[in-house]
Amino acid sequence: MLVEIEAIRKQQQIDEEKERQLQEDIQLKAKRIKEEEQQLAEQANRLREKKAAELLQLNLQMKATEERLQSMLNVLNNQYKNYHDRLADFVETFVQTNTSIVGVKDC
C-alpha cells in the first residue's frame, strides 16, 4: 500500500511538472504572439505613414502641375487677346483705308 501511495505521489509530481511546463509554453507562445502583433502594428503604422507621405507628395505635384497649367492658360489667353486686338485694329485700319480709297474714286 505504501508503494502504491508512493507511485501515486510520483505520478502527481510528474503530472504537476507537465502542467507547469505546459503553462510555461503557453505563456511563452502568448508572449511571442503579443510581440508579433506589436511588430505587425508598427509595420502597419510605418506603411500608413509612407502612404500618407506618398499621397502628400502626389498632391503637391498635382498642385504644381495645376499652377503651371493655369499659368500656361493665362499666357494663351493673353496671346489670344493681343491677337484679337491686333486683328480688330487691322480690320478698322483696312476699312478706313478702303473707305478713303472708295471716297477718292467717287470724287
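Note: the structure precedes this text.
Residues numbered from 1 in each chain as written. Predicted model: local features only at pLDDT ≥ 70, side-chain atom pairs only at ≥ 80, totals over all residues. Heavy atoms only, no water.

Caption draft 1: Structural context of the overall build of the protein chain. When its secondary structure is counted, the protein chain shows 1 helix and 0 strands. Here the protein chain has a C-alpha radius of gyration of 46 Å; the compact-globule value for 107 residues is 13 Å, and the former is much larger. With respect to the principal axes defined by its C-alpha atoms, the protein chain has extents near 155 × 15 × 5 Å. Across the 107 residues that make up the protein chain, the buried fraction comes to 0%. Charged side chains in the protein chain number 17 positive and 20 negative. The centres of these two groups are separated by 3 Å. (Helix = DSSP H or I, 4+ residues; strand = E, 2+ residues; numbered from the N terminus. Rg over C-alpha atoms; globule rule 2.2 N^0.38 Å. Buried < 20%, exposed > 50% of the residue type's maximum accessible area, 1.4 Å probe, protein only. Lys, Arg positive; Asp, Glu negative; His and termini not counted. Charge placed at Lys NZ, Arg CZ, Asp CG, Glu CD.)

Caption draft 2: Here's a closer look at a nonpolar patch on the surface. On the surface, Tyr80, Tyr83, Leu87, Phe90, Val91, Phe94 and Val95 cluster together to form a nonpolar patch covering roughly 730 Å² of accessible area. Relative to the elements of secondary structure, Tyr80 occurs in helix H1 (residues 2-106). (Patch = residues over 30% accessible without salt bridge, like charges linked within 9 Å, V, L, I, M, F, W, Y side chains within 5 Å. Areas by Shrake-Rupley, 256 points an atom, 1.4 Å probe, with all protein chains shown as cover. Salt bridge = Lys/Arg side-chain N within 4 Å of Asp/Glu carboxyl O.)

Caption draft 3: Region of interest: the packing of aromatic side chains. Tallied over the entire structure, the rule returns 1 aromatic pair. Ring geometry for Phe90 and Phe94: centres 6.1 Å apart, planes at 25°, overall stacked. Taken together, the residues Phe90 and Phe94, both in helix H1 and 4 residues apart, mark about one turn of the helix. (Phe/Tyr/Trp six-rings, centres within 6.5 Å; stacked < 30°, edge-to-face > 60°.)

Caption draft 4: Up close: the pattern of salt bridges. Scanning the model with the defined rule gives 4 salt bridges in all. Measuring nitrogen to oxygen at the nearest pair gives 2.2 Å for the salt bridge that ties Glu24 to Arg20. With Glu24 and Arg20 both in helix H1 and 4 residues apart, this pair spans about one turn of that helix. On the accessibility criterion, Glu24 (33% relative accessible area) is partly exposed. According to the relative accessible area criterion, Arg20 is partly exposed, its value standing at 39%. Notably, a salt bridge pairs Glu54 with Lys51, separated by 3.3 Å at the nearest N-O pair. Separated by 3 residues within a single helix, Glu54 and Lys51 lie in helix H1, roughly one turn from each other. By relative accessible area, which is 34% here, Glu54 ends up partly exposed. Each of Glu17, Arg20 and Glu24 takes part in one network of salt bridges that share partners.

Caption draft 5: Seen up close, the environment of Ala41. With respect to the element layout, Ala41 can be found in helix H1. The exposure class assigned to Ala41 is partly exposed, which follows from its relative accessible area of 36%. Remark: the alpha-carbon pair of Ala41 and Lys29, spanning 12 residues in sequence, is separated by 18 Å.

Caption draft 6: Examining the environment of Lys31 more closely. Inspection of the secondary structure assignment puts Lys31 in helix H1. For the pair Lys31 and Leu56, spaced 25 residues apart in the sequence, the C-alpha separation amounts to 37 Å.

Spatial relationships are all this shows, so hold off on functional conclusions.
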